[in-house]
2 protein chains.
Amino acid sequence: MNLLLLRPEEIAPDGTARLTGRRLLHAREVLRASAGDELRAGVLGGPQGSAEVLALSTTELVLRATFSEPPPPRPGVSLLLAIPRPKALRKVLPAVASLGVDRLVLINANRVEKSYFDSRVMASIEELLLLGLEQARDTIPPEVIVRERFRPYVEDELDSMFPDPVRLLAHPAAAAQTPPAAGRAVLAIGPEGGWVPFEIALLEQHGFTPFTLGPRTLRVEVAVPYVLGAISRSRINP
Amino acid sequence: MNLLLLRPEEIAPDGTARLTGRRLLHAREVLRASAGDELRAGVLGGPQGSAEVLALSTTELVLRATFSEPPPPRPGVSLLLAIPRPKALRKVLPAVASLGVDRLVLINANRVEKSYFDSRVMASIEELLLLGLEQARDTIPPEVIVRERFRPYVEDELDSMFPDPVRLLAHPAAAAQTPPAAGRAVLAIGPEGGWVPFEIALLEQHGFTPFTLGPRTLRVEVAVPYVLGAISRSRINP
C-alpha cells in the first residue's frame, strides 16, 4: 500500500477521516505510524496528497488529509480482454489498475469457459482494483464492464463505447509489428488459446488492426503488462 | 504446457523417448492424447518440432520426436533484478523464461530482505523456468545467476559478464524516457521500495542509463513484463 485511499464519503467537512479495518491494520503493522506522521493519501476518483495522523489506536486511525495533487498521468489505453480463468483474473485486475488502464471490458470468447463469469473473483473486482491503485499511487480505478456475449457487444456496443480510439488486436500470428502508439487506444487481448478466426474477422471488420509481438504464447497475466508496455512507451510521459 | 520439453539424455538414438511423471499426466489428462497423435515438442537447449505418440499408458508415454525448427527469436535482453520476495519470484521466473530473457542476475539490494536468498523458491528455479518455456514454446532457458553482494558484483563481475550491451536502469524518478531499443541490453530493475541512491550512483558509474516509464510504482511481477515490453518493442521480430 503506497497510497492510503479514502472514499469521498469518509472525509468529514473539516478534512478528517476515521478509518478501521485493513487500512488501520496497515498503518499500525506495516507503516508503524504514530500521531504526527504524514502518510501519502488520496481520495478515490479525485486528487491526492498527504494525511497527518491525528490519533492511532487499536480500534481507529484518525487522519487529517490535504489533497492538492492530481493523480498520475494515464497512458490512454483501454482493454478488451477475453475473460481469463479466475486465478489469472485475480492477478490481472490489480495489474490493470496499477498500469492506469481506463476501461477494462471482460468479454466472452469461443475459447473461454463460460463458468469464468460466475467465479467468486467477479464479486471482488472493486477490491482487487483498489489494491492496484494503492500500489501505483493512483486514485482513478479502471471502469470494468462485463459482457457475456461477444458478437452483440462488438456489433452493437463497441463503437459507441469507444468512438474514437485506435483499435489494436494483439495476435501472435499477425504479420504486422506494433503500430505507432498515438492517440487513445483500445487493445484486444484474446484467451490463452487465442481468438478463433470468426472473432478475429469480426474485430477486424470493426476496425481492429492485428499486430504481433512475436510468436511466444504468454500467460495472460504476463501478456497484459507486456503488451501495455509495448504500446504505451510513448504514452506515459504526457 | 504448449510444448513438451525433453532433456537431451531422454532421447534414445532412434529418436524415441519414454516419459513418466508430470509430462505423462499432462498428455493423458489435459491433452487427452492417444497413440498416433502429434504433440508439439522440443529438446531443452536445442531445436523443436513434433513428437508422435507411439504408446500411452497409465505408467508411460512413449514418443518419437523429430526436431527441425529453431526456437523462437529472442529479444536480446538480460535482467539485473533485485531479488524479489519469494511469492513474487515464483511468478517472475516463469515470466522471464516465457519472454526469452537471456540472463537473469538475482542481486542483493539495500531494500531487499537477506532471507529472500534462502527461500524455498531458490531450490525450484529450474522447474519454474521450464514452466515458462513450455508456456511460450521456447527451449532455451535464461541463465540464472545469484549474487548476494551488490557492490562486488557490479564492480568486479558485471563488466565481464555483459561486455557490450546497452545498460538501462528502470527508475520511476528518472528524467529520461526509454532510450532507443537497439542492440543487446541489460536492464536493471530495483526492489519494490526502489534502489537507494548509492546503488543508483554505482550503476550509473558502470554505464547504466536511468529511464522512467512514469511515476507508477509497480509490483515486480507487473514491472518486469511491462518494462520488457517497452524496451523490446523493436526487438521481437528480427
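A. How the structure looks around the packing of aromatic side chains. All names here are of chain A. Per the counting criterion, the structure on display carries 2 aromatic pairs over all chains. Both rings, one in Phe150 and one in Trp195, keep their centres 5.7 Å apart while their planes meet at 45°; by these two values the pair is tilted. Remark: Trp195 occurs in the loop between strand 10 (185–189) and helix 5 (197–205) and Phe150 occurs in helix 4 (residues 150–161); sequence separation between them is 45 residues. Across this residue pair, the class does not change: Phe150 and Trp195 are buried. A cation over a ring is seen here: Arg103 above Phe162, with NZ or CZ 5.3 Å from the ring centre.

B. Up close: the sheet that holds strand 2 (residues 16–19) of chain B. Residues and elements named next belong to chain B. With mixed pairing, 5 strands are arranged side by side in an open sheet as 1-3-4-5-2. The strands lining the two open edges of the sheet, one partner per strand, are strand 1 (4–6) and strand 2. With direction set aside, neighbouring strand axes in the sheet form an average angle of 40°. Direction of pairing for strand 2 relative to strand 5 (residues 61–69): antiparallel, over a ladder of 4 bridges. In the sheet register, Leu19 faces strand 5, and the bridge partner there is Leu61.

C. Here's a closer look at the interface of chain B and chain A. On the side of chain A, 37 residues touch chain B, which itself brings 37 residues to the contact. Carbon and sulfur atoms supply 53% of the area that chain B and chain A bury against each other, a total of about 3100 Å² over both sides. There are 2 salt bridges connecting chain B and chain A. Put simply, Arg216 of chain A and Asp138 of chain B hold a salt bridge, and the shortest N to O gap is 3.0 Å. Counting across the chain B and chain A interface gives 8 residue pairs in polar contact (both at pLDDT 80 or more). Elements represented by at least two residues in the side of chain B that touches chain A include exactly helix 2 (86–98), helix 3 (125–136) and helix 6 (220–232) of chain B. Sort the elements by how many residues they give to the side of chain B that touches chain A and helix 6 of chain B lands first, with 7 residues. Looking at side-chain class alone, the side of chain B that touches chain A contains 18 nonpolar, 12 polar and 7 charged residues.

D. The sheet that holds strand 9 (residues 166–170) of chain A, seen in detail. Residues and elements named next belong to chain A. The sheet built from 6 strands is open, its strands ordered 8-7-6-10-9-11 with parallel pairing. Every interior strand has two partners, whereas the edge strands, strand 8 (143–147) and strand 11 (209–211), have only one. With strand direction ignored, the average angle separating the axes of adjacent strands in the sheet is 20°. Summarising the sheet, strand 9 and strand 11 pair through 3 bridges and their orientation is parallel. Looking at strand 11, one finds that Leu169 is bridged to Pro210.

E. Examining the relation of the copies chain B and chain A more closely. After a rotation of 180° and a shift along the axis of 0.0 Å, chain B superposes on chain A with an RMSD of 0.0 Å. Interpreted geometrically, this transformation is the action of a two-fold axis. Here 100% of the interface residues in chain B have copies in chain A that are interface residues too; the copies meet face to matching face.

F. Spotlight on the pattern of salt bridges. Under the definition given, this model contains 36 salt bridges over all chains. Between Arg184 of chain A and Asp102 of chain A there is a salt bridge whose closest N-O contact spans 2.9 Å. Of this pair, Arg184 of chain A sits in the loop between strand 9 and strand 10 while Asp102 of chain A sits in the loop between helix 2 (86–98) and strand 7 (103–107), and the two are 82 residues apart along the sequence. With relative accessibility at 44%, the residue Arg184 of chain A sits in the partly exposed group. Judged by its relative accessible area of 18%, Asp102 of chain A falls in the buried class. The closest approach of N and O atoms between Arg167 of chain B and Asp159 of chain B, which form a salt bridge, is 2.8 Å. Each member of the salt-bridge network shares a partner with another, and the members are Arg74, Asp102, Asp138 and Arg184 of chain A together with Arg216 of chain B.

G. View of the packing of helix 2 of chain B against helix 6 of chain B. Residues and elements named next belong to chain B. Viewed as axis vectors pointing N to C, helix 2 and helix 6 meet at an angle of 20°, and their least axial separation amounts to 9 Å. On the basis of their axis angle, the class for helix 2 and helix 6 is roughly parallel. Considering how the two elements wind past one another, helix 2 and helix 6 form a crossing that is right-handed. Side by side, helix 2 and helix 6 meet where Ala88, Lys91, Val92 and Val96 of the first sit next to Val220, Glu221 and Val224 of the second. Of the residues in the contact of helix 2 with helix 6, the class split is 5 nonpolar, no polar and 2 charged.

H. Layout of helix 5 (residues 197–205) of chain B. Residues and elements named next belong to chain B. Buried within helix 5 are the following residues: Glu199, Ile200, Leu202 and Leu203. End-on view of helix 5: buried residues confined to an arc of 165°, all on one side of the axis. Exposed residues on helix 5 whose side chains face more than 90 degrees from its buried face are Pro197 and Gln205. Contacts from the buried residues of helix 5 go to strand 6 (77–82), helix 4 (150–161), strand 9 (166–170) and strand 10 (185–189). Two residues or fewer past helix 5, Gly207 is found with a positive phi of approximately 90°.

Reading the values: the criteria
Residues numbered from 1 in each chain as written. Chains lettered and ligands numbered in written order. Predicted model: local features only at pLDDT ≥ 70, side-chain atom pairs only at ≥ 80, totals over all residues. Heavy atoms only, no water. Phe/Tyr/Trp six-rings, centres within 6.5 Å; stacked < 30°, edge-to-face > 60°. Helix = DSSP H or I, 4+ residues; strand = E, 2+ residues; numbered from the N terminus. Buried < 20%, exposed > 50% of the residue type's maximum accessible area, 1.4 Å probe, protein only. Lys NZ or Arg CZ within 6 Å of the ring centre and 35° of its normal. Pairing = 2+ DSSP bridges. Axes fitted to C-alpha atoms, helices over the stretch in contact; angles between N-to-C directions. Contact = heavy atoms within 4.5 Å. Buried area = accessible area lost by both parts, 1.4 Å probe. Salt bridge = Lys/Arg side-chain N within 4 Å of Asp/Glu carboxyl O. Polar contact = N/O pair within 3.5 Å; in protein donor to acceptor, adjacent residues only side chain to side chain. Nonpolar A, V, L, I, M, F, W, Y, C, P; charged D, E, K, R; others polar. Least-squares fit on C-alpha atoms with pLDDT ≥ 70 in both. Parallel < 35°, antiparallel > 145°, perpendicular 65-115°, else oblique. Left-handed = near helix turned anticlockwise from the far one by under 90°. Arc of directions from axis to C-beta.

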